[in-house]
Amino acid sequence: MQISARLSNRINAQISLQPQSRFIGVTGPSGAGKSSLFRALAGVEKSAKVQTPWTSQKVGIVFQQPMLFPHTDVRGNLALAQRHASPNAMSIDACLRGCYCEHLIDKPVQALSGGEAQRVAIARAIASEPVIILADEPTANVDSETADSLLALMEELNQTRGATFLFSTHD
């Protein structure tokens, strides 16, 4: 697997990974460019030039600041993601249960705390059964116990469903 990302005066990265690489961590101190790299890989940095092996595959994205659709509730956010799901994708209930947020199903997005929104964003990212999941500081807004549980869920999805995770952290 080869990844190339260029963002003028900020990032010039060429990454080669083994084909069996499935759980890849990107670390560095705050301000090192991890979020910029992930935004470039996600295709939301307009001036970035990126080459990835997943251009035609389903990608799930979890940003450091949760980006949920504000016009709907938690159920609506996951339902939008599942519209593009494969037939054997996890159910909305399973995604919510895995991210410890099933009690939030009917809550408006604006009423979520930072940690709740982050857990819902992770649930939404996995709801469509993506092949690649880009997770920029996915546990930044949650307590350490929940963070450990979410990382265990990601590892389980990696093992049982073959999802490849690229995640950033400064921990």
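**Some details on the nonpolar core**
Among the nonpolar cores identified, the biggest contains 35 residues, and L78, L96, C99, V120 and I126 are the most heavily contacted of them. At the level of elements, helix 2 (74-82), helix 3 (92-98), helix 4 (114-127), strand 6 (132-136), helix 5 (144-161) and strand 7 (164-169) are the ones that each hand at least two residues to this core. A total of 8 residues in this core trace back to one element, the largest contributor, which is helix 4. Judged by nonpolar contacts, the second largest core, of 16 residues, contains I3, L7, A13 and I24.

**Structural notes on the environment of R83**
Along the chain, R83 turns up in the loop between helix 2 and helix 3. When its relative accessible area of 64% is taken as the criterion, R83 is described as exposed. Taking the C-alpha atoms as reference points, R83 and A127, 44 residues apart in sequence, are found 9.3 Å from one another.

**Examining empty space enclosed by the protein**
Following the criterion strictly, the structure yields 1 cavity of 30 Å³ or more and no others. Its boundaries defined by the atoms lining it, the largest cavity holds a volume of some 50 Å³. Grouping the constituent residues of the lining of the largest cavity by class yields 6 nonpolar, no polar and 2 charged.

**Structural notes on the sheet that holds strand 5 (residues 59-62)**
In space, the 4 strands of this open sheet follow the order 3-7-6-5, with parallel pairing throughout. What marks the edges here is a single partner per strand, and that holds for strand 3 (23-27) and strand 5. Each adjacent strand pair in this sheet contributes to an overall mean axis angle of 10 degrees, direction not counted. Packing against the sheet, helix 1 (residues 34-42) makes contact with strand 3, strand 5, strand 6 and strand 7, and its axis sits at approximately 150 degrees to strand 6.

**So, the pairing of strand 6**
Strand 6 sits mainly inside the fold: 5 of its 5 residues count as buried. Neither face of strand 6 is exposed, since I132, L134 and D136 on one face and I133 and A135 on the opposite face are all buried. Direction of pairing for strand 5 relative to strand 6: parallel, over a ladder of 4 bridges. Pairing of G60 across the sheet is with I133, part of strand 6. Pairing analysis gives 5 bridges linking strand 6 to strand 7, with the strands arranged parallel. Within the sheet, the bridge partner assigned to D136 lies in strand 7 and is S168. Note on the crossover from strand 6 through helix 5 to strand 7: the handedness is right-handed.

**Describing the packing of helix 4 against helix 5**
Where helix 4 meets helix 5, the axes come as close as 12 Å, and the angle between the chain directions of the two elements is 5 degrees. Considering their axes alone, helix 4 and helix 5 lie roughly parallel with respect to each other. Facing helix 4, whose interface residues are R119, I122 and I126, helix 5 presents T146, L150, L153, M154 and L157. When the residues that make up the contact of helix 4 with helix 5 are grouped by side-chain class, the tally is 6 nonpolar, 1 polar and 1 charged.

Calculation notes
Residues numbered from 1 in each chain as written. Predicted model: local features only at pLDDT ≥ 70, side-chain atom pairs only at ≥ 80, totals over all residues. Heavy atoms only, no water. Core = buried A, V, L, I, M, F, W, Y, C linked by side-chain atoms within 4.5 Å. Buried < 20%, exposed > 50% of the residue type's maximum accessible area, 1.4 Å probe, protein only. Helix = DSSP H or I, 4+ residues; strand = E, 2+ residues; numbered from the N terminus. 1 Å grid on protein atoms, 1.4 Å probe; cavity = no way out; pocket = protein on both sides within 12 Å on 5 of 7 lines; lining within 4 Å. Points joined across faces, edges and corners; volume = space filled by probe spheres on them. Nonpolar A, V, L, I, M, F, W, Y, C, P; charged D, E, K, R; others polar. Pairing = 2+ DSSP bridges. Axes fitted to C-alpha atoms, helices over the stretch in contact; angles between N-to-C directions. Contact = heavy atoms within 4.5 Å. Right-handed = clockwise from strand over helix to strand, strands pointing away. Parallel < 35°, antiparallel > 145°, perpendicular 65-115°, else oblique.

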